[in-house]
Amino acid sequence: MSADLVVVGAGVVGAACAYFATSAGLRVTVVERGGIAAGTSSAGEGNLLVSDKEPGPELDLALLSLRAWREDLGDHGGLWEYEQKGGLVVASSPEGAAALRSLAAAQRACGVEVAEVADPVDYEPNLAPGLAAGAHYPQDAQVQPMLAAAHLLRLARERGAEIRLRTEVTGFLRDGDQVTGVRTAHADISAGAVLNAAGTWAGEVAALAEVTVPVLPRRGFVLVTQPMPVGTIRHKVYAAEYVGNVASGDAELQTSPVVEGTRSGTILIGATRERVGFDRTVSPEALRRLAGQAAALFPVLRSVRVMRSYLGFRPYCPDHLPVIGPDPRAPGLWHACGHEGAGVGLSAGTGLLLAQALTGAPAALDLAPFAPARFEAAA
Amino acid sequence: MTPEPHDVAVVGAGPAGLGAAAEAAGAGLDVVLIDAGQRPGGQYWRHAEGGRGQHWKAYEGLSRRLGQVRRIPGTQVWLITRDQEGFTLRLTGHDPVTARAVILCPGGYDRQLPIPGWDLPGVMAAGGVQALLKEHGTAPGRRAVVAGTGPFLLPVAVALARAGVAVAAVAEANPVTGWLRDPFGALAAPSKSVEAVRYAAAMTARRVLYRTRTVITEIVGDGRAEAVRLRRADGTQEEIAADLVALGWGFTPSLELPIMLGAETRLDEDGSLVAVVDGSQRSTADGVYIAGEATGVGGAALALAEGRLAALTLAGSGKTARLRRAVRRGRRFAAAMRRACPVPAEWTAWLTESTVVCRCEEVPYGELRRACHDLGADDARAVKMLARPGMGWCQGRMCGFATAAIAARLNGRVATADDLRAFAARVPAFPVALEDLAEN
Ligand SMILES: Cc1cc2nc3c(=O)[nH]c(=O)nc-3n(C[C@H](O)[C@H](O)[C@H](O)COP(=O)(O)OP(=O)(O)OC[C@H]3O[C@@H](n4cnc5c(N)ncnc54)[C@H](O)[C@@H]3O)c2cc1C
Ligand SMILES: Cc1cc2nc3c(=O)[nH]c(=O)nc-3n(C[C@H](O)[C@H](O)[C@H](O)COP(=O)(O)OP(=O)(O)OC[C@H]3O[C@@H](n4cnc5c(N)ncnc54)[C@H](O)[C@@H]3O)c2cc1C
C-alpha cells in the first residue's frame, strides 16, 4: 500500500485537503478513525466569515478561503448548501459603534467588503429597535459542514482518492527522521507525505511522530430552534462584542451568539466559548446566556422553542492561528489543524495552499505565520 | 433563600414512578414526584378525568400512599444537572426543583417502523390508539387491523372491539410460543387480588381473527388508509380492508434524562437501547436510580416492582430480598418475551425509495440510501447528519430506531448501541421556549 499523500482525519479540513490534492494530481489516501466528519466538523456551524476577523494572517486566509469556496468550489456549492447571505454586525452602544467602525475601516484596507449601516433594522426587520449602528459584510457566507466534508471526500474519491473509515492511525513509519507513512490498526500505509488533519486531536497525532503541536479543545454550545418562516432572519447577525470573544484567550465562558437561519428553517444560535477540556456535561449557564442574548437581539424569538442543543470542541492554538505546512522537525509530516472556530470557513483556503505547497506550485499566501514549529521558537 | 433539596425527585408517574414515590414516602423520605401528564398513571393507568382504568385497585392503593409526596403534574423535566448538593431539575412552566437523589421512571414510547403507507391518515401507533380509547373512549375508525408484534397488540385489539370497532385481524409477525395464554407473565397483575385479563379469551369471544407469522408489508389507500397487505410465512399474501390500522412494534425507552446524567446504556434483546442498572436499580451514575420501561420493556407489574425496589434501595431498607427476587424473575420473563417477539429482520426490504422515514423532516428512504452509498455514511450518526432524519420536532423519537436499523442494513450489518445512541440523547429533553431557557 502506498500513496503520495496520506491524510489523517476526515473532517472538513482533511476533506478539503484531499480534494485539492487529488485535483492537483496526487494519489491520496484518507484515514479516519471514526466515520465521515466524526469530529468537530459535525459539532459546529457552517459560517464562512470575514467579518469577525481582525487584520492579520487569519483574515488573509479567510479572504483566500472565501474566494476558494466561491470560485474553485463554486460549481459544487449546491451540494453543501452554499449561500452567500452576508453578515450583519450590530452595536448596541455608542462605544460599540465606534469600535465597530474602526474595525471595519481596518478590514476594508485588507480587502474586506463592508458597508456601514445606520439603522440595522433596514437589513433585518426583526431586529430589536434602537441599536446604535451596524456593519454589513456581503462576503460572509455559509455551508452545511457535514455535507461539505462528505461531498469533498466523494469528489476526491472520484479523482482517485481512497477513503478508509474506522481506521485509526497508531504510529508513523520512519526512515531516520523522515516520516514515510502511517501505521494503522489494520495495515501500514507508506506515503511520500503524511498530513495531520486530526483537528482537536492533532496534538496526539503529532505526538506519535514525537513533535509537539499545541492544539487544545475550546468548548462551544449551539442552540437550534423549531423551523421558522423563510426570511425571519436573513443574514448572519451578531453583536460587535463577538469579535473580542473570538480573539480572547480567556478560559472563562464567553458568549455573543451568531444568529442565523438555515435551509431547513431552523435558527442556529451559537456559540459559546470556554476552555474546560473535553467536558461533555451540559452547562445551563451557557444555554441561558445564548438564549438571553439571542432573544435580546431578536425579540420575535422569545417564544420560539429550542428543539435541541449540541456541543463541540474547537481545535485552538495559543495564538489562535491554525497550523499549516511542512514540519521541519519530522520531514515528510505536514499539518493542517488548529483552525479553532473557523475551520469550516478556512478549510478551502487551507486545502488550496497545501496542494500548492505539496506540488511545488506558487503559493497564494505565505505560510510562515502558520508554521508548525513556531511555538518552539517562542518558548 | 433556596429551599432545602428534597431527599429524592421521582420523574414519571407511571407504574414505576408511583411505586417509587409511594415506597420512598413510606420510608420517611421527602419526595417530589414530577410527571408530564395532568393525571398520574403513566401509560398503563392512563385514564379520563374521573374515569377508571385496568387494575384500578392497585392504582388507588398507590395513590393513597402519596399523601406526603409533593406532586408536580403537567410539567416536563427538560434538563437535569448535577451540582454540589445533588441534582437540579429544570421544569417547563415551573420553578426548578432540587434533590439529593433522583429516580428516573420516564417509560417509553411506541416504536414505529416506516413501512410503505405508514404515513397515511388512519394509521396509528398501537399505544396512540390505546391512549385515545382510554382518554376519550372513542376510536378514529370503524374497521381496524392491528399489526406488528408482541403482547401489547392484544390489549389494543380487545379495547378496540370493546369500543365497538370491528377488528378485522390481528397480524402477529412472530410465531407464538405459548405466551398468548399469559402474555404478561406471573407478574401481570400489579395487584394479586386482581385477575389478569384473559386477552386470548376475550378475543375469541369477539371473534377476532388472530394470525401469527403474518407481517404487514404495506398500507394502501387514496389519501387515507383503505386496506393493508399481509404476508404469511409461507409467502401467501392477502389484502384486508381497514380504515384504522394500529401498528405495534414494541417500545423505545426514553433515555434522554439518564443519558443527560451520564448513565450508561446498552442494547437489549429487542434491539432497543436501555439504561444499565444493577439488581437494585442503581444506574452507573452516582445517585441516579432508574426503573420501569427505561431499563427494558417488561410491562406494568415489573415497572412497578422496579420502582419500589429503587426507592427501598435508596432508603437503605434491609427488606428488599423478596422484591429483588421478584424483579429478577420478572426481568427473565420479559427478556424471554423480547426474544420471542423481534421486529421481522426483513422489514427494511419493504421500503421503497419514496417511503418517508422521518416525518418531521420529510426524509424519504432514498435519501438515507444515498447518504450511505454515495456519501460514505457508515453509521446512524452520519446518516442523521447528512440526510436529516431525526432532526425535526420529535428529535428522532419516531424514526430513530428505524433509521438506526436502516443505516446499519445499508452497511451490511445490524444496528449497534452506538447507532441507537445517535437518536437517544436530547438536550433539552423537550422543546423549551427561548425565553424560558434564558431565565432557567
Ligand atoms: C460550537 C462550534 C461552532 C463552530 N462554528 C463554526 C463556524 O460557524 N464556522 C467555521 O468555520 N467553523 C466553526 N467551528 C469550528 C469548526 O467546526 C472546526 O474548526 C472544524 O470542524 C475543524 O475541522 P477539522 O477537519 O480540522 O477537525 P475534525 O472535524 O475534528 O476532524 C478531525 C478528524 O480526525 C480524526 N482523527 C483524530 N485522531 C485520529 C487518528 N489517530 N487516526 C485517524 N483519525 C483521527 C477525528 O476522528 C476527526 O474526524 C465551530 C466549532 C464549534 C465547536
Ligand atoms: C397499548 C399498550 C397496552 C399495554 N398493555 C399492557 C398490559 O395489558 N399489561 C401490562 O403489564 N402492560 C401493558 N402495557 C405496558 C405498560 O403500559 C408499561 O409497561 C408501563 O406503563 C411502564 O411503566 P413506566 O412507569 O415504566 O412508564 P410509563 O407508564 O410510560 O410512565 C412514564 C411517565 O413518565 C413521564 N415522563 C417521561 N419523561 C418525562 C419528563 N422528562 N418529564 C416529566 N415526565 C416525564 C411520562 O409522561 C409518563 O407519564 C401496555 C402498553 C401499551 C402502550
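Note that residues are indexed from 1 along each chain, following the sequence as it is written. Chains carry letters from A onward and ligands carry numbers from 1 onward, assigned in written order. This being a predicted model, a pLDDT of at least 70 is required before a residue's local features are given, and a value of 80 or more before pairs of side-chain atoms are given or counted; all residues contribute to the totals for chains, interfaces and linings. Only hydrogens and water are removed before side-chain values are computed, so all heavy atoms of the structure are retained for them.

(A) The packing of helix H1 (residues 12-23) of chain A against helix H4 (residues 145-158) of chain A, seen in detail. Residue and element names in this part refer to chain A. Note on method: axes are straight lines fitted to C-alpha atoms, helices fitted across the in-contact stretch only, with angles between N-to-C directions ranging 0 to 180 degrees. Helix and strand assignments come from DSSP, with helices taken as H or I runs of at least 4 residues and strands as E runs of at least 2, each series counted from the N terminus. In the contact formed by H1 and H4, the axes pass within 8 Å of each other and the chain directions differ by 30°. It follows from the interaxial angle that H1 and H4 lie roughly parallel. The hand of the H1/H4 crossing is left-handed. In this structure, H1 contributes Val12, Ala15, Ala16, Ala18, Tyr19 and Thr22 to the contact, and H4 contributes Pro145, Ala148, Ala149, Leu152, Leu153, Leu155 and Ala156. Here the term charged refers only to Asp, Glu, Lys and Arg, the term nonpolar to Ala, Val, Leu, Ile, Met, Phe, Trp, Tyr, Cys and Pro, and the term polar to all other amino acids, Gly among them. Residues of the contact of H1 with H4, tallied by class, amount to twelve nonpolar, one polar and no charged. Note that the term roughly parallel is reserved for angles under 35 degrees, roughly antiparallel for angles over 145, roughly perpendicular for angles of 65 to 115, and oblique for everything else. The handedness criterion is simple: a crossing whose near helix is rotated anticlockwise from the far helix by less than a right angle is left-handed, and one whose near helix is rotated clockwise is right-handed. By definition in these notes, contact holds between two residues if any of their heavy atoms fall within 4.5 Å.

(B) Molecular detail of the packing of aromatic side chains. All names here are of chain B. Put simply, two rings from Phe, Tyr or Trp (the six-membered ring, in Trp's case) pair if the centres are within 6.5 Å, and we call them stacked under 30 degrees between planes, edge-to-face over 60, tilted for the rest. In this structure the tally under the stated criterion is eight aromatic pairs over all chains. Aromatic pair tyrosine 44 and tryptophan 45: ring centres 5.4 Å apart, planes at 70°, arrangement edge-to-face. Considering the side-chain rings of tryptophan 45 and tyrosine 59, the 5.6 Å spacing of their centres and the 50° angle between planes classify their relative orientation as tilted. Here tryptophan 45 is found in the loop between strand E2 (31-34) and helix H2 (56-64), whereas its partner tyrosine 59 is found in helix H2, with 14 residues between them in sequence. Looking at tryptophan 45, the relative accessible area reads 0%, which means it is buried. Here's how the labels work: a residue is buried when its accessible area is under 20% of the maximum for its type, exposed when over 50%, partly exposed in between, all with a 1.4 Å probe on protein chains only.

(C) Inspection of the sheet that holds strand E10 (residues 166-172) of chain B at higher detail. Residues and elements named next belong to chain B. When DSSP finds two or more bridges between a pair of strands, those strands are recorded as paired. With respect to topology, five strands assemble into an open sheet ordered E8-E15-E9-E10-E11, the strand pairing being parallel. At either end of the open sheet lies a strand with only one pairing partner, and these are strand E8 (123-125) and strand E11 (210-211). Relative to E11, E10 runs parallel, the two sharing two bridges. Within E11, the residue paired with valine 170 across the bridge is tyrosine 210. Where helix H3 (residues 126-136) meets the sheet, it contacts E8 and strand E15 (244-248), and its direction lies at approximately 90° from that of E8. Running at roughly 175° to E10, helix H4 (residues 153-162) makes contact with strand E9 (143-148), E10, E11 and E15 of the sheet.

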